[in-house]
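Single-letter residue listing:
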Amino acid sequence: DMGGMTAERAILLKAQKNEITEHQIYCKIAGKIQDAHNKKILEEIAEDELAHYRILEVLGARGAGMVYSARDTKLDRNVALKLLPEAVTNDPDGLRRFRREATLLASLNHPNIGRIYGLEEPAAGTPFLVLEPLDGESLASHLEGGPVPLDESLQIARSIAFALEAAHERGIVH
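(A) Spatial organisation of the environment of Glu86. With respect to the helices and strands, Glu86 occurs in helix α3 (residues 86–89). When its relative accessible area of 63% is taken as the criterion, Glu86 is described as exposed. Separated by 40 residues in the primary sequence, Glu86 and Thr126 have C-alpha atoms spaced 7.6 Å apart.

Encoded structure:
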């Protein structure tokens, strides 16, 4: 609540004043819905561990899966866990693509590409990737803050281009 005004109402007022784009409206509302969903899921698994990983928080969700911040209790380090959506875990083709993603990611070694630490496939449970945790703001969040100065935009584009070039050199197209 923002001084008696709901976040949704504030978003609509910004839209009426053309201070926010239609895409930004969608992202904010979808984000609120996803945040509520993530909070519910996190509450359900917060006390649990996946293998030897203690879930700390939800980082995000996409069609390709949920991503959590977690603690590797064996190696005493923070990691990111990417869990497959239930629909994919029940689909042999989806599982094959997931395993292939892990193999491809493991073949890359570039400073602008997150590292994979492992692939876990519990006998009873959801398969997941163990990934390098990346600190900082997502590009999407950064862009929501408004126009990005040209120098910064060029640096971001260069970083993305170098990462894509490294992937393409390995025959990987993203």
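(B) View of the pairing of strand β6 (residues 128–131). Side chains Phe128 and Val130 project from β6 onto one buried face, and the interleaved Leu129 and Leu131 project onto a second face that is buried too. Here strand β5 (residues 116–120) runs beside β6; their pairing, made up of four bridges, is antiparallel. By the bridge assignment for β6, Leu119 is matched with Leu129.

(C) Summary view of the pattern of salt bridges. Evaluated as defined, the whole model comprises six salt bridges. For Asp91, the salt bridge identified is with Arg97, shortest N-O distance 3.9 Å. Across the pair Glu121 and Arg99 runs a salt bridge, and its minimum N-O distance is 2.7 Å. One end of the pair, Glu121, is in the loop between β5 and β6; the other, Arg99, is in helix α4 (residues 92–106), with 22 residues separating them in the sequence. Assessed through its relative accessible area of 37%, Glu121 is described here as partly exposed.

Calculation notes
- Residues numbered from 1 in each chain as written.
- Predicted model: local features only at pLDDT ≥ 70, side-chain atom pairs only at ≥ 80, totals over all residues.
- Heavy atoms only, no water.
- Helix = DSSP H or I, 4+ residues; strand = E, 2+ residues; numbered from the N terminus.
- Buried < 20%, exposed > 50% of the residue type's maximum accessible area, 1.4 Å probe, protein only.
- Pairing = 2+ DSSP bridges.
- Salt bridge = Lys/Arg side-chain N within 4 Å of Asp/Glu carboxyl O.

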